[in-house]
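# Reading the structure
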Amino acid sequence: MGAVPSTPRSRPQDTAEYLIGTFVGEKSFPLRSDYWQKLLELSLDLHWPAHRVTEACQAFAQNNCYTRHLAKILIHLSWCLQESVSASGVPSLAFTKAVNASYISSVFLKYLIENGKSDTVEELYLLLEESEAVSSNFSRDQNIENLVMHSVLSFIGKVELSPNTYLLHHELLKFVLIAMSTQLLYGPSPGPNDVHPFADAAIIQETSLVDLVVRKLLLNYITRPRFPSNQYNIFSEGSQPGVLQRVGSAAANLVLLPLSYFVGSSSEASRSSLADSSLSVLLTLIHYRKCVLVESLKDKSDVSATSDYILKEETYFSENPYCKALENARDIEFDRMDIEGNAHNARNVRIPFASLFDTLGMCLADEGAVLLLYSLVHGNSDFLEYVLVRTDLDTLLMPLLETLYDAPRRTSNQIYMVLIILLILSQDSSFNASIHKLMLPSVPWYKERLLHQTSLGSLMVVILIRTVKYNLSKLRDVYLHTNCLATLANMAPHVHRLSAYASQRLVSLFDMLSRKYTKLAELKNDKMHLSIESRDGDSLPEDLSTELHIYTDFLRIVLEILNAILTYALPRNPEVVYAIMHRQEVFQPFKTHPRFNELLENIFTVLDFFNSRMDDQKVDGEWSVEKVLQVIIINCRSWRGDGMKMFTQLRFTYEQESHPEEFFTPYVWQLVVSRSDFSFNPCSINLFPVDLPLEGINTGGEANKNQISELNDD
């Protein structure tokens, strides 16, 4: 065949050119053939251009249905890994064979997945022919995908990372991502007919192995191992550097195809590391959801039919053991006891929370790290409790707040994740109190003004309000607005010495939302007037009424926030009182408004109290900011709250939506495709819209909360 690499008879049958050519060719080699040993033991150093690689993949896709070479090399990969695990990480020939088997499998498996003619993944042909002679260590009815995933995950979880094992660990992590990439072929709502053979095999592994894998992936992420390339000695030949040493990439041992086949750009390749791959694998594993179809008999008494029952199909999602393992992870520093004095389940994943906390603090500029932090604080109560008792909350909060500050250059989904994390943290009263006690010498990334000796709580208020204003002018996303205001509302009763700048921003937020509300109300009145004149009572646009209702709720929440500060924390916040007095005219139009007057009563009670104290003062010359503030501080001490109405404190909690997989599965894979050491054919992706090149994923753009639709620069 013209597309198959040529294999002249005169060429020795143990060269890389011949072995790869026959692997993709028409001839089928039995599972027990010596050919497999030659293929996997050879130091493969081909230098094929891209078009020859494509030709080889096309030939393999055409012939694999007859040769079943993918199934056979996966079986050999499993055997090599089993031998490597038994060797306990000691370098052996099995390591060399496993690396080659993993790499070759990844190359051709990836091509088959992304270029399949159907979404049933039938082109993989993961079954041996009935006539195939098998070895004693392989049963014909054995599930190949389960065999290989068990072996791969066993190596990842059980074999310690070292200079000798680093390369194989790296290749296997890449293999897992490629094997699970069948999810990219389907839509965002998992269905019972979706076919993910390798992902399904991963989630049926025994609990002990799952725990080992989750622990190892987290430790890889925490320790962020980096081994110098000169320690890769598996493929060195004599005094000459091996292929790995020359190329300097763990994915280049074959050089069977250009590095660009796996990565989108050189910058993506240079950014790749074992820690990043470990995080990608962990996120894909914990967010995988398998939809299962069940049939049950339902009473059909209300329907005329000959039978009293009808067969009804229902679906549910099976439990994800990786997600459960992460949620049950415990701090290695503490052997906690329950109230009966019994130790927690010894099988739980145990990791150093302190190291994980510090690592996340260093990496939160990365979307993957933010998603991991969300998964931990939402699902793992022990880790959330650990975070809340830390005295250096700025380690996590500063990079999160910087992400919000830099919102125009971030994806909206990253902004959502950050806001949800802040909302979850703000549900704890001790958190809300402690962030106002932690003082920041400076905030170098905040450019609008110099912030010196401001509290972390004040900075958080400023950034959340800034995010609301940005959203109002650019994204116009109700979900984002709600999360920002909910977090501010949770913080309000615990505010302590809010800075002058934060106080001004808070009043300015009310002013901005009130002006928007007024414009909408006027527009609604104009529309109603026109509809009356035209005698068409139904002509008022529904979206206008909806938007007005939304801004009514937003204004009420802001007034609730101000009420909570004035009711529960006024003596500790003279700057808030000053800001309200300085801009008291913005509240006046709503004093008699039926939707807001109740919430404004306390604000005008405070204004009356402090305005009267100001009138009683004899001041030489003009009032200055310092003089006004001094009067406020003095009278805050005598404030007793007389005449204030007590409202029930607003307390917002985060609840995950009923079908979170519709958001998280596409989001995780969008991150994986953007940063892993492999790219994926955009034309084959159905999991999320791909309207533009994937390189734009890490930059800004508008996106719906339930879709990751924009991949363009802001």
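Residues numbered from 1 in each chain as written. Predicted model: local features only at pLDDT ≥ 70, side-chain atom pairs only at ≥ 80, totals over all residues. Heavy atoms only, no water.

Along the protein chain, the regular secondary structure elements total 27 helices and six strands. Relative to its full complement of 714 residues, the protein chain shows a buried share of 54%. Within the protein chain, residue pairs in contact and separated by at least 24 positions form 73% of the contacts whose partners lie at least 6 positions apart. Here the protein chain displays about 31500 Å² of accessible surface, and carbon together with sulfur accounts for 49% of that area. (Helix = DSSP H or I, 4+ residues; strand = E, 2+ residues; numbered from the N terminus. Buried < 20%, exposed > 50% of the residue type's maximum accessible area, 1.4 Å probe, protein only. Contact = heavy atoms within 4.5 Å. Areas by Shrake-Rupley, 256 points an atom, 1.4 Å probe, with all protein chains shown as cover.)

Two quantities define a packed helix pair, namely the angle between the axes and the distance from one axis to the other. Where helix H1 (residues 16-24) contacts helix H3 (residues 50-67), the two axes come as close as 7 Å, and the packing angle between them is 40 degrees. The angle between the axes of H1 and H3 places the two elements in the oblique class. Every residue of H3 that contacts H1 at Glu17, Phe23 and Val24 is listed here: Arg52, Ala56, Ala59, Phe60 and Asn63. Its residues assigned to classes, the contact of H1 with H3 comprises five nonpolar, one polar and two charged. (Axes fitted to C-alpha atoms, helices over the stretch in contact; angles between N-to-C directions. Parallel < 35°, antiparallel > 145°, perpendicular 65-115°, else oblique. Nonpolar A, V, L, I, M, F, W, Y, C, P; charged D, E, K, R; others polar.)

A few words on the nonpolar core. Ranked by size, the top nonpolar core spans 228 residues in total, and within it Phe23, Leu39, Tyr322, Leu360, Phe587 and Phe610 carry the most contacts. With 14 residues, the single largest contributor to this core is helix H23 (residues 542-569). Aside from chain neighbours lying at most four places away, what touches phenylalanine 587 is Val507, Phe510, Leu559, Leu562, Ile580, Leu600, Ile603 and Phe604. (Core = buried A, V, L, I, M, F, W, Y, C linked by side-chain atoms within 4.5 Å.)

A few words now on empty space enclosed by the protein. What the rule picks out here adds up to six cavities of 30 Å³ or more. Of the volumes computed, that of the largest cavity is approximately 130 Å³. Classifying every residue of the lining of the largest cavity by side-chain character gives five nonpolar, five polar and three charged. (1 Å grid on protein atoms, 1.4 Å probe; cavity = no way out; pocket = protein on both sides within 12 Å on 5 of 7 lines; lining within 4 Å. Points joined across faces, edges and corners; volume = space filled by probe spheres on them.)

With that settled, the discussion passes to the packing of helix H15 (residues 367-379) against helix H27 (residues 661-675). At a minimum axis distance of 10 Å, the contact between H15 and H27 shows a crossing angle of 150 degrees. As H15 packs across H27, the resulting crossing turns out to be left-handed. Here Glu367, Gly368, Leu371 and Tyr374 of H15 come into contact with H27, specifically with Phe664, Tyr667, Val668, Leu671 and Arg675. Residue composition of the contact of H15 with H27, grouped by class: six nonpolar, one polar and two charged. (Left-handed = near helix turned anticlockwise from the far one by under 90°.)

Moving on, we get to the packing of aromatic side chains. Here the structure, examined in full by the defined rule, presents 29 aromatic pairs. Judged by centre distance (6.2 Å) and plane angle (25 degrees), the ring pair of phenylalanine 610 and tryptophan 639 falls under stacked. Separated by 29 residues along the polypeptide, phenylalanine 610 in helix H25 (residues 597-616) and tryptophan 639 in the loop between helix H26 (625-636) and H27 bring together distant segments of the chain. What makes phenylalanine 610 buried here is its relative accessible area of 1%. Classification of tryptophan 639 as buried rests on a relative accessible area of 9%. The ring of phenylalanine 604 has lysine 591 lying over it, and the distance from NZ or CZ to the ring centre is 4.6 Å. (Phe/Tyr/Trp six-rings, centres within 6.5 Å; stacked < 30°, edge-to-face > 60°. Lys NZ or Arg CZ within 6 Å of the ring centre and 35° of its normal.)

In this section: the environment of phenylalanine 357. Positionally, phenylalanine 357 belongs in helix H14 (residues 353-363). Residue classification places phenylalanine 357 among the buried positions, given a relative accessible area of 0%. Distance from phenylalanine 357 to leucine 393, taken between C-alpha atoms, is 9.8 Å for residues 36 residues apart in sequence. Residues in contact with phenylalanine 357, not counting those within four places in the same chain, are Tyr386, Val387, Arg390, Asp392, Thr395 and Leu396.

This part covers unusual backbone geometry. If a residue is not glycine, its phi is most likely negative; likewise, a peptide bond is most likely trans. With a phi angle near 45 degrees, arginine 224 is a residue other than glycine that sits in the positive phi range. Its location among the elements puts arginine 224 in the loop between helix H9 (207-223) and helix H10 (243-247). Residue class for arginine 224 comes out partly exposed when judged on its relative accessible area of 24%. Positive phi is not limited to glycine here, since arginine 497 has a value of about 50 degrees.

The tally for this structure, following the rule as stated, stands at 18 salt bridges. A salt bridge links arginine 466 to glutamate 448, with the nearest nitrogen and oxygen atoms 2.9 Å apart. Remark: glutamate 448 occurs in the loop between strand S5 (439-442) and strand S6 (452-455) and arginine 466 occurs in helix H20 (residues 456-475); sequence separation between them is 18 residues. Arginine 466 sits in the partly exposed class, given a relative accessible area of 25%. For lysine 645, the salt bridge identified is with glutamate 601, shortest N-O distance 2.9 Å. (Salt bridge = Lys/Arg side-chain N within 4 Å of Asp/Glu carboxyl O.)

Moving on, we come to helix H17 (residues 394-405). When the terminal C-alpha atoms of H17 are compared, their 15 Å separation across 12 residues agrees well with the 16 Å that a helix rising 1.5 Å per residue should span. For H17, every residue scored as buried is listed here: Leu396, Leu397, Met398, Pro399, Leu400, Leu401, Thr403, Leu404 and Tyr405. (Expected span 1.5 Å × (residues − 1).)

With respect to the helices, strands and loops of the structure, serine 499 is situated in the loop between helix H21 (478-491) and helix H22 (500-533). Separated by 3.1 Å, the side chain of serine 499 and the backbone nitrogen of alanine 502 make a polar contact. When sequence neighbours within four positions are dropped, the list of residues in contact with serine 499 reads Thr454, Ser458 and Glu575. (Polar contact = N/O pair within 3.5 Å; in protein donor to acceptor, adjacent residues only side chain to side chain.)

Bringing the confidence of the model for the protein chain into the picture now. Residues at a pLDDT of 70 or more form 80% of the protein chain, whose mean pLDDT is 82. Of the regions scoring below 50 in pLDDT, residues 229-272 engages in 106 contacts with residues more than four places distant in sequence or in other chains. Confidence over residues 694-714 falls short of pLDDT 50; this stretch has 80 contacts with residues more than four positions distant or in other chains. (pLDDT = per-residue confidence, 0-100.)

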